[in-house]
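Fold and geometry: a report
Given next are the chains, with one letter for each unit.
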Amino acid sequence: MLPIVIQPETNMTPPQALAPFLRTDLNPAYLGEEDGIFRYLNPADLAGDNGKYNRLYDRLAPLYNLGEWLARLKYGGGIAKMRREMMRLIDWQNGASVLYVSVGTGTDFRYFPDTVDAGSLKIVGADLSLGMLRRAQKTWQRRLDLSLVHCAAEDLPFADNSFDIVFHVGGINFFSDKRRALAEMLRVAKPRTRLMVADETQDLIEQQYQKSVFTQAAYQNVQFDLSAIENALPEGISGRQTHLLWDGRFYAMTFVKDEQAAGTPNPQPNQNTKAV
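What you see as residue numbers is a count from 1 along each chain, following the sequence as written. At least 70 in pLDDT is required for a residue's local features to be given in this predicted model, at least 80 for side-chain atom pairs to be given and counted, and no such filter applies to totals for whole chains, interfaces and linings, which use all residues. The side-chain numbers reported here are obtained from all heavy atoms of the structure, hydrogens and water having been left aside.

Glancing now at the overall build of the protein. For the protein, the helix and strand inventory stands at 8 helices and 9 strands. Computed over the C-alpha atoms, the radius of gyration of the protein is 18 Å, within 12% of the 19 Å expected from 2.2 N^0.38 for a compact globule of 276 residues. The dimensions of the protein, computed from C-alpha atoms along their principal axes, are 50 × 45 × 40 Å. The burial tally for the protein puts 53% of its 276 residues in the buried class. Whether two residues are in contact is decided by their heavy atoms, any of which lying within 4.5 Å being enough. In the protein, 72% of the contacts between residues at least 6 apart in sequence involve partners at least 24 apart. In these tables, accessible area is a Shrake-Rupley quantity obtained with a 1.4 Å probe, and a residue counts as shielded only by the protein chains included in the view. Carbon together with sulfur atoms contributes 48% to the accessible area of the protein, which is approximately 13,100 Å² in total. When charges are counted, Lys and Arg contribute as positive and Asp and Glu as negative, whereas His and the chain ends are disregarded. For the purpose of locating charges, the reference atoms are NZ of Lys, CZ of Arg, CG of Asp and CD of Glu. Put simply, the protein has 30 plus and 32 minus side-chain charges, and the middle of one group is 5 Å from the middle of the other. Secondary structure follows DSSP: runs of H or I at least 4 residues long count as helices, runs of E at least 2 residues long count as strands, and numbering of each begins at the N terminus. In this setup the radius of gyration rests on C-alpha atoms only. A globule is expected at 2.2 Å times the number of residues raised to 0.38. The classification of residues rests on relative accessible area computed with a 1.4 Å probe and restricted to protein chains. Under 20% of the type maximum is buried, over 50% is exposed, and intermediate values are partly exposed.

Shown next, in the form of structure tokens:
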């Protein structure tokens, strides 16, 4: 397979809505823009499992809503109930800055609690799959204050202590570098933020992903142990809780960034790095 080549756009100006959140040491070689979706992507982050599942979800993106509909037929209201319960684990506040890592098509935006005015939120959705981001853009960009970013969770282009709310749903189980991705989510959250990280348990992987014609090849023989996430959690957190949802098919882990937690530094920029 030919290597992925990302063409840099060294003179690009980031979208105004994103500019307050961005790091000042971004490497211009990784910058770009694709039909209104900001890109910061090191090709090295598309290696390993990241590349495998990125290709899968890019292929699935046009059919993803159909897959959701078929899942509702199979599981009834269980999925919607799980999503509502999961979203209630987040400390929502009107006017908050929100980072959703692995935003996918944005399906979870349908399940904001009634206590929050979704229109008041300043939301940034990040994902490694450009195909999924395009679906989110089509569905949500005119309905929410939403900026979309094509990037890897392991190298978020955002400054330390930027977001009031940080959460991730779906993907962490098979990220190439779980520890680095979790450290990045913690780094960009403001102190005292309660973060949430959620994904499928092995039960759902076996019941759904290893049997579906759409996903069985990618998930064949894969095994997941929740301890892999627990052991990858960074220092500087407290109050960790693990919630099992939807009869144990899904987990949601919450933890609070300590007041004194320092931002986890990204790799030192090279000589081509400049402020944006």
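Each α-helix turn comprises 3.6 residues. Residues three or four places apart therefore point the same way. Looking only at helix 4 (residues 130-140), the buried set comprises Leu130, Gly131, Met132, Leu133, Ala136, Gln137 and Trp140. Tucked into the core, helix 4 has its buried residues touching strand 1 (31-34), strand 2 (37-40), helix 1 (48-60), helix 2 (64-75), strand 4 (122-127) and strand 5 (146-151).

A few words now on the packing of aromatic side chains. A pair of aromatic rings is counted whenever rings of Phe, Tyr or Trp (Trp by its six-membered ring) have centres within 6.5 Å, and the orientation is called stacked for planes under 30 degrees apart, edge-to-face for over 60 and tilted otherwise. Applying the stated criterion across every chain, the model contains 15 aromatic pairs. Ring centres of Tyr30 and Tyr40 lie 5.6 Å apart, and the angle between their planes is 65 degrees; this geometry places the pair in the edge-to-face category. With Tyr30 in the segment before strand 1 and Tyr40 in strand 2, this pair connects stretches of sequence that are 10 residues apart. Between Phe224 and Tyr251 the ring centres are 5.8 Å apart and the planes differ by 10 degrees, which places this aromatic pair in the stacked class. In this pair, Phe224 sits in the loop between helix 7 (216-219) and helix 8 (227-230) while Tyr251 sits in strand 9 (residues 250-257), placing the two residues 27 residues apart along the sequence. Judged by its relative accessible area of 0%, Tyr251 is buried. Counted as over-ring charges are cases with an Arg CZ or a Lys NZ within 6 Å of the ring centre that also lie within 35 degrees of the ring normal. The ring of Trp140 carries Arg143 above its face, with NZ or CZ at 4.3 Å from the centroid.

This brings us to the pattern of salt bridges. For salt bridges, the criterion is a side-chain nitrogen of Lys or Arg within 4 Å of an Asp or Glu carboxyl oxygen. Using the criterion set out here, one finds 13 salt bridges in the structure. Between Asp155 and Arg23 there is a salt bridge; the shortest N-O distance is 3.1 Å. With a gap of 132 residues between them, Asp155 in the loop between strand 5 and strand 6 (165-169) and Arg23 in the segment before strand 1 connect regions that are remote in the sequence. Look at Asp155 and you get buried, because its relative accessible area is 7%. Close ionic contact of Glu184 with Arg187 constitutes a salt bridge, the shortest N to O distance being 2.7 Å.

Together, Leu63, Leu66, Trp69, Leu70, Leu73, Val213 and Phe214 give the surface a local cluster of nonpolar side chains, amounting to about 680 Å² of exposed area. Looking at the secondary structure, you find Leu70 in helix 2. By relative accessible area, Leu70 is classed as partly exposed at 36%. The residues that make up patches have over 30% relative accessible area and no salt bridge, and they are joined within 9 Å when like-charged or within 5 Å when they are Val, Leu, Ile, Met, Phe, Trp or Tyr.

Turning to the environment of Asp164, a few remarks are in order. Mapping Asp164 onto the fold places it in the loop between strand 5 and strand 6. Separated by 50 residues in sequence, Asp164 and Asp114 have C-alpha atoms that sit 19 Å apart. Those residues within four positions of Asp164 in sequence are excluded, and the remaining contacts are Gln93, Ala96, Ser97, Lys190 and Thr193. Polar contact criterion, stated in full: a pair of N or O atoms within 3.5 Å, where within protein one must be able to donate a hydrogen and the other to accept it, and residues adjacent in sequence count only if both atoms are side-chain atoms. Here Ser97 takes part through its backbone nitrogen, which lies 2.8 Å from a polar atom of the side chain of Asp164.

So, about the pairing of strand 5. Judged by how many residues are buried, strand 5 sits mostly within the fold: 6 of 6 residues are covered. Every second residue of strand 5 is oriented toward a common face, with Leu146, Leu148 and His150 on one face and Ser147, Val149 and Cys151 on the other, all of them buried. Note: two strands are recorded as paired if DSSP finds a minimum of 2 bridges between them. As judged from the 3 bridges shared by strand 2 and strand 5, these two strands associate in the parallel manner. Within strand 5, the position partnered with Arg39 by the bridge is His150.

Moving on, we get to the packing of helix 1 against helix 4. Direction vectors running N to C along helix 1 and helix 4 enclose 40 degrees, while the axes themselves pass 7 Å from each other. Regarding the angle of helix 1 to helix 4, the classification is oblique. Residues Asn54, Tyr57 and Asp58 of helix 1 touch helix 4, and the partners they reach there are Leu130, Gly131 and Met132. Only Asp, Glu, Lys and Arg are considered charged in this grouping, and only Ala, Val, Leu, Ile, Met, Phe, Trp, Tyr, Cys and Pro are considered nonpolar; every other residue, Gly among them, is considered polar. Of the residues contributing to the contact of helix 1 with helix 4, the split by class is 3 nonpolar, 2 polar and 1 charged. For helices, the fitted line uses only the C-alpha atoms of the stretch in contact; every axis is such a line through C-alpha atoms, and the angle between N-to-C directions lies from 0 to 180 degrees. Orientation labels follow simple angle bins: below 35 degrees gives roughly parallel, above 145 gives roughly antiparallel, 65 to 115 gives roughly perpendicular, and whatever is left gives oblique.

pLDDT is a per-residue confidence score from the predictor, ranging from 0 to 100. In the predicted model, the protein carries a mean pLDDT of 91, and 91% of its residues have values of at least 70. A low-confidence stretch, residues 1-6 stays under pLDDT 50, and its non-local contacts, those more than four residues away or across chains, total 6 contacts.

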